[in-house]
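# Observations on the model geometry
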Amino acid sequence: MSKKVLMLAAKANMIQQFNHRNIKILQNLGYEVHVATNMVDFGSMSTDENERFKLWMSDNNVIAHQVDFERRMGTLKGNIRSIRQLREIFKTNDFSFIHVHSPLGSILGRFVAKQFKVPAIYTAHGFHFFKGGPKSGWVVFYPLEWLFSFFTDTLITINDEDYALAKKHMHANKIVKINGIGVDIENRWLVTDVERKEALHSIRKELNIPEDAFLLSSVGELSERKNHRVVLEALQLMSPEELSHVYYVIAGTGNNGNLLQGLAQSFDFEKHFHLLGYRSDIHAINYASDISIFSSLREGLGVAGLDATVDGTYLLGAKRRGISDYIRDGENGYLFEPDSPEELCQLIRKCLNFVPKTKYFDFLKRFDYRKVDEVMKSLYGGYER
């Protein structure tokens, strides 16, 4: 009989974005991998991406189970339905362990796993309570995470702040830290100056941005959490003369596009502001940019910001956990309070006058995906029976 493991998240995008390599590690260890998630209401990815993900699972012999998880923390009726669906999956499969993600998926998954006496690994992709965060996160999510930590065999955190908090307050049998999903630092640092310049010319030509313009870029969905508006609010504080050679582009999709466009229009910046939608050439955009701005109000370990600094782009990042992990003030970027357009404005002005020469920093090597995979392989190997 083959060994079986269940990967579980409320929305399919959480599996698609963060767990391809984990699935392959499990398969290489001899596990039959099952995935339980909502592939109908699939979260923050496009329909095409969702279809490609389902095809990838089929091509890679992953057994997929549709579970009708609702949005956010769900309703009582909806959560009872999801628990029933999960119970049916557990009844027909003898799992060695499960690996759960996302607040709702992790809670319902661990609840059912406890009933079937199946060990649970939980990756917290950024607790919803953190220093500087809203009190509602501490009131609602802290008690839930504390309670369900008793149902957790291994708790995985992905930033320094969450790891310290978990070690002090959570009750999982084992608490570990990994550096997100990791990035391919080894190969990204082999990109030549010639290739970077070619990307700069190509992107700026496509977007009709002068080569001597000062280009700011951000990557991330157009949402309140990603907080792109603070960049425009910072630019609004600058003089028309300062803005005459400044451009700002955002790669991402979401519901706040019209709001951001309206804000740019309010100070006659709309001709220098571009919403690029979904892009598959983020590294080229980083190479074309003078600075990258990552202004999120909340992150687990913000991959877009990490990508930018690994690409050698100077980074202005929000002073929040999961971003401050990879920015050293004055070296590869600066940190700013994400609710302070005034502070960000001053940093942009500082960079307009002088952007430090980009280089590669040894302290970023810990974020290489190979190091992350080594930890995950060791963790998974500990559950072999």
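An account of the accompanying structure is given in this report. (Residues numbered from 1 in each chain as written. Predicted model: local features only at pLDDT ≥ 70, side-chain atom pairs only at ≥ 80, totals over all residues. Heavy atoms only, no water.)

So, on to the overall build of the chain. Within the chain, the secondary structure is distributed over 16 helices and 13 strands. The C-alpha atoms of the chain give 22 Å as radius of gyration, which agrees with the globular expectation for 385 residues (21 Å, within 12%). Taking the principal axes of its C-alpha atoms as reference, the chain extends roughly 70 × 40 × 40 Å. Relative to its 385 residues, the chain shows a buried fraction of 56%. Carbon and sulfur atoms form 52% of the exposed surface of the chain, whose accessible area is close to 17,600 Å². Charged side chains in the chain number 48 positive and 47 negative. The centres of these two groups are separated by 8 Å. (Helix = DSSP H or I, 4+ residues; strand = E, 2+ residues; numbered from the N terminus. Rg over C-alpha atoms; globule rule 2.2 N^0.38 Å. Buried < 20%, exposed > 50% of the residue type's maximum accessible area, 1.4 Å probe, protein only. Areas by Shrake-Rupley, 256 points an atom, 1.4 Å probe, with all protein chains shown as cover. Lys, Arg positive; Asp, Glu negative; His and termini not counted. Charge placed at Lys NZ, Arg CZ, Asp CG, Glu CD.)

Let us now look at the pattern of salt bridges. Pairing is possible between side chains of opposite charge, provided their charged atoms come close. By the definition in use, this model includes 24 salt bridges. Between Arg81 and Glu70 there is a salt bridge, with the nearest N and O atoms lying 3.6 Å from each other. Residue Arg81 is located in helix H4 (residues 76–91), and its partner Glu70 is located in the loop between strand E3 (63–66) and H4; the two are separated by eleven residues in the primary sequence. Under the relative-accessibility criterion, Arg81 is labelled partly exposed at 32%. Among the salt bridges present, the one from Glu299 reaches Arg225, with a minimum N-O distance of 3.5 Å. Of this pair, Glu299 sits in the loop between strand E11 (291–294) and helix H14 (303–310) while Arg225 sits in the loop between strand E8 (214–219) and helix H10 (229–236), and the two are 74 residues apart along the sequence. In this structure Arg225 comes out as partly exposed when scored by relative accessible area, which is 28%. One salt-bridge network, in which partners are shared between bridges, spans Asp184, Glu186, Asp368 and Arg370. (Salt bridge = Lys/Arg side-chain N within 4 Å of Asp/Glu carboxyl O.)

Now for a nonpolar patch on the surface. Taken together, the side chains of Trp146, Leu147 and Phe150 define a hydrophobic patch exposed on the protein surface, amounting to about 280 Å² of accessible area. As for its position among the elements, Leu147 is in helix H6 (residues 135–149). The exposure class of Leu147 is partly exposed, given its relative accessible area of 41%. (Patch = residues over 30% accessible without salt bridge, like charges linked within 9 Å, V, L, I, M, F, W, Y side chains within 5 Å.)

In this section: the state of the cysteines. Scanning all chains against the criterion turns up zero disulfides. Here Cys345 stays free of any disulfide, with the sulfur of Cys351 as its closest cysteine sulfur at 12 Å. For Cys345, a relative accessible area of 1% puts it in the buried group. (Disulfide = S-S within 2.5 Å.)

For the rest of this paragraph, the subject is the sheet that holds strand E10 (residues 273–277). On the basis of which strands lie adjacent, the open sheet formed by six strands has the order E10-E9-E8-E11-E12-E13 and parallel pairing. Each of the sheet's edge strands pairs with one partner strand only, and the pair in question is E10 and strand E13 (333–336). Going from strand to strand, the sheet's axes swing by 20° on average, the running direction of each strand aside. The pairing of E11 with strand E12 (residues 314–318) spans four bridges and is parallel. Counted as the bridge partner of Ile291 is Tyr314 from E12. (Pairing = 2+ DSSP bridges. Axes fitted to C-alpha atoms, helices over the stretch in contact; angles between N-to-C directions.)

Our next topic: the packing of aromatic side chains. Inspection of the entire model under this criterion finds 17 aromatic pairs. Measuring from ring centre to ring centre gives 5.7 Å for Tyr248 and Phe273, while their planes differ by 25°; the resulting arrangement is stacked. Highlighted residues: Tyr248 in strand E9 (residues 246–251) and Phe273 in strand E10, separated in sequence by 25 residues. Taking the relative accessible area as the measure of exposure, Tyr248 reaches 0% and is therefore buried. Residue Phe273 is classed as buried on the basis of its relative accessible area, which comes to 3%. An aromatic cluster of three or more residues is present, and its members are Tyr31, Phe97, Tyr380 and Tyr383. It is Lys3 that lies over the ring of Tyr31; its NZ or CZ is 4.3 Å from the centre. Sitting over the face of the ring of Phe363, Arg328 holds its NZ or CZ atom 3.9 Å from the ring centroid. (Phe/Tyr/Trp six-rings, centres within 6.5 Å; stacked < 30°, edge-to-face > 60°. Lys NZ or Arg CZ within 6 Å of the ring centre and 35° of its normal.)

Along the chain, the position of Asn332 falls in the loop between E12 and E13. Within the structure, Asn332 has its side chain in polar contact with the backbone nitrogen of Arg328 (distance 2.8 Å). Non-local contacts of Asn332, meaning those with residues more than four positions away in its chain, are made with Thr309, Thr313, Tyr314, Leu315, Tyr326, Ile327, Phe361 and Phe363. (Polar contact = N/O pair within 3.5 Å; in protein donor to acceptor, adjacent residues only side chain to side chain. Contact = heavy atoms within 4.5 Å.)

Take the sheet that holds strand E7 (residues 174–177) next. By way of backbone hydrogen bonds, the strands of a sheet pair with one another, either parallel or antiparallel. In spatial order, the strands read E3-E2-E1-E4-E5-E6-E7; together these seven strands make up an open sheet with parallel pairing. The open sheet has two edge strands with one neighbour each: E3 and E7. On average, each strand axis in the sheet is tilted by 20° relative to the strand beside it, whichever way the strands run. With seven bridges joining them, strand E1 (residues 3–11) and strand E2 (residues 31–38) adopt parallel strand pairing. Each bridged residue has a counterpart across the sheet, and for Leu8 the counterpart in E2 is Ala36.

This part is about the side chain of Asn79. You can see Asn79 is positioned in helix H4. Ignoring anything within four residues of it in the chain, the contact list for Asn79 reads Met73, Gly74, Leu104 and Leu108.

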